[in-house]
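Here's the letter readout for the chains.
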There are 2 protein chains.
Amino acid sequence: MNGAQTLLSTLVDHGVEVCFANPGTSEMHFVAALDRVPAMRGVLALFEGVATGAADGYARMADKPAAVLLHLGPGLGNGLANLHNARRAHVPMVVVVGDHATYHNRYDAPLESDIEALAGSVSGWMRRTDRVSEICAHTVDAIAASRAGVVSTLILPADVSWADGATTAGAARLSPERVTEPDRGALRGAADVLRSGESAVILLGGDATRVAGLSAADRIAQATGARVLCETFPARLQRGAGIPAVDRLAYFAEAAEAQLAGAQHLILAGTTSPVSFFAYPGKRSDLVPAGCRVHTLAGYAGAAAALESLADEVALDVEATVAPAVRHETPTGPLTAVSLAAVVGAVLPERAIIVDESNTAGVMLAASTAGAPAHDVLTLTGGAIGYGMPAAIGAAIAAPGRPVLSLQADGSAMYTLSALWTQAREQLDITTVILNNGAYDILRIELQRVGAENADSPGARAQDLLDIGRPTIDFVQIAEGMGVPARRVHTAEALGVALTAAFEEPGPHLIEAVVPSILG
Amino acid sequence: MNGAQTLLSTLVDHGVEVCFANPGTSEMHFVAALDRVPAMRGVLALFEGVATGAADGYARMADKPAAVLLHLGPGLGNGLANLHNARRAHVPMVVVVGDHATYHNRYDAPLESDIEALAGSVSGWMRRTDRVSEICAHTVDAIAASRAGVVSTLILPADVSWADGATTAGAARLSPERVTEPDRGALRGAADVLRSGESAVILLGGDATRVAGLSAADRIAQATGARVLCETFPARLQRGAGIPAVDRLAYFAEAAEAQLAGAQHLILAGTTSPVSFFAYPGKRSDLVPAGCRVHTLAGYAGAAAALESLADEVALDVEATVAPAVRHETPTGPLTAVSLAAVVGAVLPERAIIVDESNTAGVMLAASTAGAPAHDVLTLTGGAIGYGMPAAIGAAIAAPGRPVLSLQADGSAMYTLSALWTQAREQLDITTVILNNGAYDILRIELQRVGAENADSPGARAQDLLDIGRPTIDFVQIAEGMGVPARRVHTAEALGVALTAAFEEPGPHLIEAVVPSILG
């Protein structure tokens, strides 16, 4: 068995059954090994950022790692932005970066670059496998390390991949996943705070943004008067009818500060102390109100369990309240950010997964889908745009049978566009809605917020650089060019019809929803 | 004047007049400053790899740097692949990476990452500007450093960008560009080798692949019997009627070894000792024949001057021979790699710039265009695909009035597809020909070459992972979706008509040329 076959066998032996791949010459033995290890599903991406984003979406829904196959340093470079998002989402992932043969590196061939420097910036675990005898052990280590919610990167020289003599016999087995026990001191401290009668906010993240954690937090809130908020960009938020509702901390610092105003205590469960996404002249970066004390109940893993323990301590007999099922009629009239969101709320199918990279145009979605059937929302955890359409691939593969709604802003859609082709190739049940407002609207807002705009003249050249409507991007043509059936809608009723049809018909679809800029 | 305005003013004061930009919030003051510094042309890219590839193409044709504006670590990550190619091309470039405000980094906001680690992997010069008073000096240093043919990276915190008080008054001036003098010892050694009567090959790269260097090398060859070859992937090769012809060293090692066979001496002028692009089981990485001695006449800069000195030494009265003008008729019949190349040779306009990322389907182009009107060819120097369509943008902006022919393989086209949108936005005279064979053909060949394919069964799953024709990519729809008029051709005569029409009409065009795989 050669190194590549051993690697693939070890991955599938330990539950890593999908590999999102964009291979090159140095990975040809890995590709060839797919025929020897049929339990591994190879999914081709035409750009590395699609592969890494897909693995992120997969891990968020499967709660286990996928593998990613990348081609040397430049391939890793192309995948970095979505690895950054994955790192921020604390998802497990096993990235295999093919490299030149061990003896070839010293010749500084054209594709030679510093793979370790790039991988180190996003990986929680990284190793170069120099001998084929090490490959099984390294692979097991990579999977084990990834369980801590990190990207594991295995650098695989071509000659290790093609060398014979590797074996999975006698391989170290993965130990059972370690359960993160709640910290007794932190629990006691949080309970004391909650019983003090002082104003407290519980901020949820990590694994606390699913039903168990949300329910526990809701019980605590009912019993103690604490308020509950969810971090701005949760990796996976469960919500909708039958699930305790939670508001997300706002993106804009001013709004977030208003949400946190008056809190004397901030209890962190699965997240870190809230900070402004960007700095702005004369504004604070730290969003914690002056005088508010911050308490860490639990890190991103084990946060739900800690909240459950805390709830049993301070809210033993309290039952969680859940969001009622509320379905509004599909609105009519021209599409706007408001009516678009209302349509989504009106037609969202059961068990949907919403991958949200709608940015400014999606600002009303949370409200409109609050009473829709229970669903998962995956958000842009690291701010590196171009995450949504790839993540939708991974979510659909991890959760076959569940409809995926990929809400995608026009600007960020252009980063990883070829994700549509992989959606078509794999015939995934993904409905992409492009919210096309023809502008980097978020930047038009930020241009004002950072005070960069000249008060008396709006700066024609600056505005022009944020105008992506010249020329108009026709997402219908682009999607069809990649094999995804598409249509364009201008009204709420047309969007409703298009969405319903897309959800009913298997395979991917794209709907270009033309909406005005929220700046008017 | 704030930091951003100072930066832009300093750039234009020193001849950096174009900025390829994909900005975010932390770069809004840079964007706003465009209205204060009208001499700077801001060119919007919808993906960072387009911006960096465009700056590379610009530098190759303008022989001076463009600026690139990127958004934090993830933006830099997206631009890395084409920065890798630029590093290998030895082009000057000034990359400005916007970062969080200096006081914001410590909050580990979502977009925080290790910018230095990424930038260090591709930059010959790198600096973080922490004070607005430093910005002018750092900018001058960045430009000066880039002249050595490197990527200079300036990391610009947002608060330095928006801070007032910077000035360009009293700024250090750039010293005149240093001319690299030929090394007397190296010259003497090369002359001795050439006069020895032993078999010698002169391998050209760097600045020796333009008319002056090619002419000198040709004179030397005539006088001494040495053979002349050009490195496999020159940054900019001048060729065609009226220019001395040179063969490029082959991509596949076996072919390159055949070209170099019998050489007792290898004289390097502007390049390094030839190595195999990839390693292959049982094959050598070093392409220098056994027993052949390698002599370095000159590094990538100053190679043309060194060759001219050498020619005056060993071939004083010899005149260079140049390629004759040869125009064949446009062929007819179904498109193949052969007939496609013949059409290009038959219709190539005067003063064309060919950006070549045609990969396997372009294998016949060198022969077919040998007698076409003099033209420049820009090639994929670093092996990171997705370079061609962005580089065409930069070449067209650097050389207005010259037609750009962007020959693009289908697989690599998918990496930086949104370059088409920028081509449309800027109405650049670029004709893109997509050589669509529906496969990663190079990888199908490599799968055989690396011995990864099972001899008796071709590996259906492996083959499938290299098949990008499922589903078919419709480049006509994709191009039109981005505002570039497009058509599809299946015959040589249709390609001829389409190319001629595209060259005649201003603005960008795309022609999808459907060709069979060269593997049949």
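Here the structure is a predicted model, which means the values were calculated and not measured. (Residues numbered from 1 in each chain as written. Chains lettered and ligands numbered in written order. Predicted model: local features only at pLDDT ≥ 70, side-chain atom pairs only at ≥ 80, totals over all residues. Heavy atoms only, no water.)

1. A closer look at the overall build of chain A
Which entries qualify depends on this criterion: Strands here mean DSSP runs of E at least two residues long; helices mean DSSP runs of H or I at least four residues long; both are numbered from the N terminus. Here the radius of gyration uses the C-alpha set of atoms, whereas the globule reference equals 2.2 Å times the residue count to the power 0.38. The cut-offs for exposure are 20% and 50% of the maximum accessible area for each residue type, with area from a 1.4 Å probe on protein chains only; residues under the lower value are buried, those over the upper are exposed, and the others partly exposed. Throughout, a contact is declared for two residues whenever any of their heavy atoms are within 4.5 Å. Note on areas: Shrake-Rupley, 1.4 Å probe, and residue coverage restricted to the protein chains presented here.
When helices and strands are counted, chain A shows 20 helices and 18 strands. In summary, chain A has a C-alpha radius of gyration of 24 Å against a globular reference of 24 Å for 520 residues, a match within 12%. Seen through its C-alpha atoms, chain A measures out along the principal axes to roughly 65 × 60 × 45 Å. Taking all 520 residues of chain A together, 65% fall into the buried category. Partitioning the intrachain contacts of chain A with sequence separation of at least 6 by distance along the chain shows that 81% fall at a separation of at least 24. Entry remark: accessible area of chain A is about 16900 Å², with carbon and sulfur atoms responsible for 52%.

2. Remarks on the interface of chain B and chain A
Selection criterion: As used here, buried area is the combined drop in accessible area, with a 1.4 Å probe, of two parts when they are placed together. Any Lys or Arg side-chain nitrogen located within 4 Å of an Asp or Glu carboxyl oxygen qualifies as a salt bridge.
Taken together, the 99 residues of chain B in the interface contact 99 residues of chain A. Summed over both sides, the interface between chain B and chain A buries roughly 8000 Å², with carbon and sulfur atoms accounting for 63% of that surface. The tally of links from chain B across to chain A stands at four salt bridges. A salt bridge links Asp-108 of chain A to Arg-88 of chain B; the shortest N-O distance between them is 2.7 Å.

3. A closer look at the pattern of salt bridges
Applying the stated criterion across every chain, the model contains 40 salt bridges over all chains. Across the pair Arg-128 of chain B and Glu-116 of chain B runs a salt bridge, and its minimum N-O distance is 2.9 Å. Taken together, the residues Arg-128 of chain B in strand β5 (residues 125-128) and Glu-116 of chain B in helix α5 (residues 115-120) connect sequence positions twelve residues apart. Ionic contacts of the salt-bridge type, sharing partners, join the residues Asp-63, Arg-210, Arg-236, Asp-376 and Arg-402 of chain A into one network.

4. With respect to the relation of the copies chain B and chain A
The cut-off we apply is this: For this overlay, a least-squares fit was computed on C-alpha atoms, restricted to residues scoring pLDDT of at least 70 in both copies.
Between chain B and chain A, the superposition needs a rotation of 180 degrees and an axial shift of 0.0 Å, giving an RMSD of 0.0 Å. Seen this way, the second copy is the image of the first under a two-fold rotation axis. The C-alpha atom lying nearest the rotation axis in chain B is that of Ile-478 of chain B; the distance is 2.2 Å. In this assembly the copies share their binding face: 100% of the residues contributing to the interface of chain B also contribute to that of chain A.

5. Notes on the UniProt feature "domain: Thiamine pyrophosphate enzyme N-terminal TPP-binding" (unreviewed entry) in chain A
Keep this limit in mind: UniProt positions are given in the numbering used here, feature names are shortened, and annotations may be inferred rather than shown by experiment.
When the UniProt feature table is mapped to this numbering, "domain: Thiamine pyrophosphate enzyme N-terminal TPP-binding" (unreviewed entry) covers residues 1-106 of chain A. Helix makes up 47% of residues 1-106 of chain A and strand 19%, with an end-to-end C-alpha separation of 27 Å.

6. Points about the packing of helix α4 (residues 72-89) of chain A against helix α4 (residues 72-89) of chain B
Selection criterion: Axis angles are defined between N-to-C directions and span 0 to 180 degrees, where every axis is a line fitted to C-alpha atoms and, for a helix, only to the segment in contact. For classification purposes, angles smaller than 35 degrees are called roughly parallel, those larger than 145 roughly antiparallel, those between 65 and 115 roughly perpendicular, and all remaining angles oblique. Basically, the charged four are Asp, Glu, Lys and Arg, the nonpolar ten are Ala, Val, Leu, Ile, Met, Phe, Trp, Tyr, Cys and Pro, and anything else, Gly included, counts as polar.
In the contact formed by α4 of chain A and α4 of chain B, the axes pass within 8 Å of each other and the chain directions differ by 175 degrees. The orientation of α4 of chain A relative to α4 of chain B falls into the category roughly antiparallel. Two secondary-structure elements touch here, α4 of chain A through Pro-74, Gly-77, Asn-78, Leu-80, Ala-81 and His-84 of chain A and α4 of chain B through Pro-74, Gly-77, Asn-78, Leu-80, Ala-81 and His-84 of chain B. In terms of residue class, the contact of α4 of chain A with α4 of chain B is built from six nonpolar, six polar and no charged.

7. Some words on the environment of Ala-303 of chain B
Residues and elements named next belong to chain B. Along the chain, Ala-303 turns up in helix α11 (residues 303-314). Along the chain, Ala-303 and Pro-182 lie 121 residues apart, while their C-alpha atoms are 7.8 Å from each other. Residue contacts for Ala-303: discarding those within four places in its chain leaves Gly-205, Asp-207, Ala-208, Ala-269, Gly-270 and Ala-298.

8. A few points about unusual backbone geometry
The omega torsion across Arg-470 of chain A and Pro-471 of chain A is -5 degrees, close enough to zero to call that bond cis. The phi angle at Arg-351 of chain A is positive, at roughly 60 degrees, despite the residue not being glycine.

9. Structural notes on the sheet that holds strand β3 (residues 67-71) of chain A
Note: strands within a sheet are paired through backbone hydrogen bonds, in either parallel or antiparallel orientation. Residues and elements named next belong to chain A. Applied cut-off: Strands pair, by our definition, only if DSSP identifies at least two bridges between them.
Taking strand neighbours across the sheet as the criterion, the six strands line up as β2-β1-β3-β4-β6-β5 in an open arrangement whose pairing is parallel. Across the chains shown, the open sheet's two edge strands, defined by having one partner strand only, are β2 (41-44) and β5 (125-128). Neighbour-to-neighbour, the strand axes of the sheet open up by a mean angle of 20 degrees, direction not taken into account. Summarising the sheet, strand β1 (residues 18-21) and β3 pair through three bridges and their orientation is parallel. Looking across to β3, one finds that Ala-21 is bridged to Leu-69. Sheet strands in contact with helix α3 (residues 48-62) are β1, β3 and β4 (93-99), and its direction is about 155 degrees off that of β1. Along the sheet, helix α6 (residues 135-146) makes contact with β4, β5 and β6 (151-157), crossing β5 at roughly 170 degrees.

10. Quick word on the packing of helix α9 (residues 211-224) of chain B against α11 of chain B
Residues and elements named next belong to chain B. To be explicit about the condition: Left-handed describes a crossing whose near helix is turned anticlockwise from the far helix by less than a right angle; the clockwise case is right-handed.
In contact at an axis separation of 8 Å, α9 and α11 are set at 30 degrees when each is read in the N-to-C sense. Relative to α11, the element α9 lies roughly parallel. Seen along the crossing, α9 lies across α11 with a hand that is left-handed. On α11, the residues that touch Ala-212, Gly-213, Ala-216, Ala-217, Arg-219, Ile-220, Ala-223 and Thr-224 of α9 are Ala-304, Leu-307, Glu-308, Leu-310, Ala-311, Asp-312 and Val-314.

11. Some points on helix α11 (residues 303-314) of chain A
Residues and elements named next belong to chain A. The cut-off we apply is this: To estimate the expected span of a helix, subtract one from its residue number and multiply by 1.5 Å. Each C-beta atom gives one direction from the helix axis, and the arc is the one those directions make.
An ideal rise of 1.5 Å per residue puts 16 Å on twelve residues; α11 measures up with 16 Å between its terminal C-alpha atoms. Listed in full, the buried residues belonging to α11 are Ala-303, Ala-304, Ala-306, Leu-307, Leu-310, Ala-311 and Val-314. Buried residues of α11, seen end-on, are gathered within an arc of 160 degrees and therefore sit on one face of the element. Considering only its buried residues, α11 is in contact with α8 (184-195), β7 (200-204), α9 (211-224), β11 (265-269) and β12 (293-298).

12. Concerning the pairing of strand β14 (residues 375-379) of chain A
All names here are of chain A. Burial of β14 is extensive: five of the five residues sit out of reach of the surface. Judged by which residues are buried, β14 turns out to be covered on both faces: His-375, Val-377 and Thr-379 on one side and Asp-376 and Leu-378 on the other are all buried. Relative to β14, strand β13 (residues 353-357) runs parallel, the two sharing four bridges. Within β14, the position partnered with Ile-353 by the bridge is Asp-376.

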